[in-house]
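# Structural overview
As a plain string of letters, each chain reads:
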Amino acid sequence: MTYDYHEPETLAEALDLLAKYGEDAHLVAGATAFTLLWRQGLLRPGHVVGLRRIASLGGITTAGAGLAVGATVTHREAERSADVRRYCPALTRTFASVATVRVRNQATLGGNLAHADPAQDPPPMLIALGAEVVAASKTGERRLPVEELFTDFFTTTLGREEIITSVRFPALAPGTRATYVKFLPQTADDYATVSVAATLRLATDGTVADVRVALGAAGPTPIRARSVENALRGAWPDAARVGEAAATVDVDIAPFDDVRGSAAYKREMARVWTARALTSLVERGA
Amino acid sequence: MKLSHTALVRAPRARVWKLITDLPTAARCVPGVAAVTPSPGGGYKGSLLVQLGPVRLVLDGDVALTATDETAGKATVRADAKDSRLGGTVRATMDLALIDKGADTELRITSDVQIAGRIGEFGQPVIQRKADQLMSQFAECLARTLA
């Protein structure tokens, strides 16, 4: 089994190749997910389009107090970036928690998002930070919140002729705290049984001014836990209220049985780890 | 893998029975099914396109009604299909039961699905969810067809 490998040097060339080969084309950046699916025999495209030589898809830039991360930036580049660390140390830790160094050296942020595996680490953190995906096609460019990218297991709203070009992170309000926690009962490089990302900002009176919570491995897509957010926003975040808010995560998630636990166990772990994430943010101090 | 699905079809039992035991017509309600044509053995040949994320399965095979009991409202459908490009087979036995609910009919489908080869790499949660989606779209379509 073979395929023709194309390495365009501009976005326009890549879009031309997608238009030319249609359903017989498959995009790759680091090709970590593609290689597994190809070796398993589940993907048999006639044409593979590699994006790594397109300079405009790389690089990390600051935009005001926000951040733009190119689609072909690897997890390792993001993990080691001073700009990412300045923007949000929890985002650095999230990238550092992905699989192993070998995988992080190869896998890219754009590829991670396009692959849409619900157990990946970065998406929940991106959702909690309010990040947007930028996607380009021959008809122009569109931006959408990361939580609106995913529709199902390994499925996104991206059209066949669209390419993710970057991820944009908004400026965070001063005093915003962030964390990413993952429950790994087996090995450190495993996919999480559940993972939780959260951002929190307290008002001067100590109530919750803003909060965003998102979970990985808790359903067919990364999930924003709006029930938890609504239960906490405007409230005084004492232990009881945080516990009550974390319990509402049950409404937001849709876990399934697999080798990392039963659906019922994951529901319980989602509540526990949501409470731990929120408690750590409340207790941290600004 | 055992799967079970229940749907309420807003039509009387006799009409639902007529539709689901007419396989070529009922198959039009399964999303992704291409032409269903009679085969010499008494069943039908058909093709089902299933998209699982980046993976497209084209399942070509045979489908037949292997048992019917109109009085009890029960029928059994057997399907054998393979994807020759990716490699893998799907064998399904679906027991259909129609339960009279006045003006409506409850359709219960209990399936025993055996998946072999590369298709099985996806794992049960993904396959179960896809089956759930197909079944709920099938039931909605039956209801629309009989409306």
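Conventions we followed
- Residues numbered from 1 in each chain as written.
- Chains lettered and ligands numbered in written order.
- Predicted model: local features only at pLDDT ≥ 70, side-chain atom pairs only at ≥ 80, totals over all residues.
- Helix = DSSP H or I, 4+ residues; strand = E, 2+ residues; numbered from the N terminus.
- Rg over C-alpha atoms; globule rule 2.2 N^0.38 Å.
- Buried ≥ 20, exposed ≤ 12 C-beta atoms within 10 Å, placed from the backbone.
- Contact = placed C-beta atoms within 7 Å.
- Pairing = 2+ DSSP bridges.
- Axes fitted to C-alpha atoms, helices over the stretch in contact; angles between N-to-C directions.
- Nonpolar A, V, L, I, M, F, W, Y, C, P; charged D, E, K, R; others polar.
- Domains from an automatic or database assignment.
- Left-handed = near helix turned anticlockwise from the far one by under 90°.
- Core = buried A, V, L, I, M, F, W, Y, C linked by C-beta atoms within 7 Å.

A few words now on the overall build of chain B. When its secondary structure is counted, chain B shows 3 helices and 7 strands. Its helices and strands in sequence order give chain B the pattern β-α-α-β-β-β-β-β-β-α, from N to C terminus. At 15 Å, chain B has a C-alpha radius of gyration in line with the 15 Å of a compact globule built from 147 residues. Its C-alpha atoms give chain B principal-axis dimensions of about 45 × 35 × 25 Å.

Moving on, we come to the overall build of chain A. The number of helices and strands found in chain A is 12 helices and 14 strands. Radius of gyration (C-alpha) of chain A: 19 Å, near the 19 Å computed for a compact globule of 286 residues. Summarising its shape, the C-alpha atoms of chain A cover approximately 60 × 45 × 35 Å along the three principal directions. Here chain A, with 286 residues, has 49% of them falling under the buried criterion. Excluding contacts between residues fewer than 6 apart, the proportion of contacts in chain A whose partners are at least 24 apart in sequence is 63%.

In this section: the environment of Thr10 of chain A. All names here are of chain A. If you trace the backbone, Thr10 turns up in the loop between β1 (4-6) and α1 (11-21). Residue class for Thr10 comes out partly exposed when judged on the 13 C-beta atoms lying within 10 Å of it. In this structure the C-alpha to C-alpha distance between Thr10 and Val272, which are 262 residues apart in sequence, comes to 46 Å.

Residue and element names in this part refer to chain B. Read across the open sheet, the 7 strands follow the order β1-β7-β6-β5-β4-β3-β2; overall the sheet is antiparallel. Pairing within the sheet leaves two strands with one partner each, and these edge strands are β1 (2-9) and β2 (37-38). Relative to strand β7 (residues 104-117), strand β6 (residues 88-101) is paired through 14 bridges, and the arrangement is antiparallel. Of the residues in β7, the one forming a bridge with Arg91 is Gln114. Sitting on the sheet, helix α3 (residues 124-146) touches β1, β3 (44-52) and β7, and the angle it makes with β1 is about 25 degrees.

This part takes up the interface of chain A and chain B. In this complex, chain A contributes 14 residues to the contact, which on the side of chain B involves 13 residues. By residue class, the composition of the side of chain A that touches chain B is 8 nonpolar, 3 polar and 3 charged.

Residue and element names in this part refer to chain B. In this structure, β3 lies alongside strand β4 (residues 55-69), joined through 9 bridges in antiparallel fashion. Across the sheet, residue Ser47 finds its bridge partner in β4, namely Asp60. Here β3 hands over to β4 after 2 residues, with Gly53 in that stretch at a positive phi of 60 degrees. Summarising the sheet, β4 and strand β5 (residues 74-82) pair through 9 bridges and their orientation is antiparallel. Paired with Thr68 across the bridge in β5 is Ala75. Between β4 and β5, which pair antiparallel and follow one another directly, the connecting turn spans 4 residues, one of which, Gly73, has a positive phi of 70 degrees.

Residue and element names in this part refer to chain A. Domain boundaries assigned for chain A yield domain 1 (1-172) and domain 2 (177-284). Taking the mean C-alpha position of each, domain 1 and domain 2 sit 25 Å from one another. The set of elements that each furnish at least two residues to the side of domain 1 that touches domain 2 consists of α5 (89-96), α8 (122-128) and β8 (150-152). It is α8 that contributes the most residues to the side of domain 1 that touches domain 2, 5 residues altogether. Class assignment for the residues of the side of domain 1 that touches domain 2 results in 13 nonpolar, 6 polar and 4 charged.

With that out of the way, let us pick up the packing of helix α1 (residues 13-20) of chain B against α3 of chain B. All names here are of chain B. At their nearest, the axes of α1 and α3 sit 11 Å apart, and the two run at 115 degrees to each other. In this structure, the crossing between α1 and α3 has a hand that is right-handed. Of α3, the residues touching α1 (which contributes Arg15, Val16 and Leu19) are Leu142, Thr145 and Leu146. Across the contact of α1 with α3, the residue classes tally to 4 nonpolar, 1 polar and 1 charged.

Attention now goes to the nonpolar core. Nonpolar side chains tend to gather and get buried jointly when the protein is soluble and globular. All names here are of chain A. Within the largest apolar cluster, 109 residues are counted, with the highest numbers of intra-cluster contacts made by Ala128, Leu129, Val194, Val196, Ala198, Leu215 and Leu278. Here the element with the most residues in this core is helix α12 (residues 263-284); it accounts for 8 residues. Lining this core are residues from two domains, each supplying at least three of them: domain 1 (1-172) and domain 2 (177-284). Residues in contact with Ala128, not counting those within four places in the same chain, are Ala178, Ala197, Ala198, Thr199, Arg212, Val213 and Ala214.

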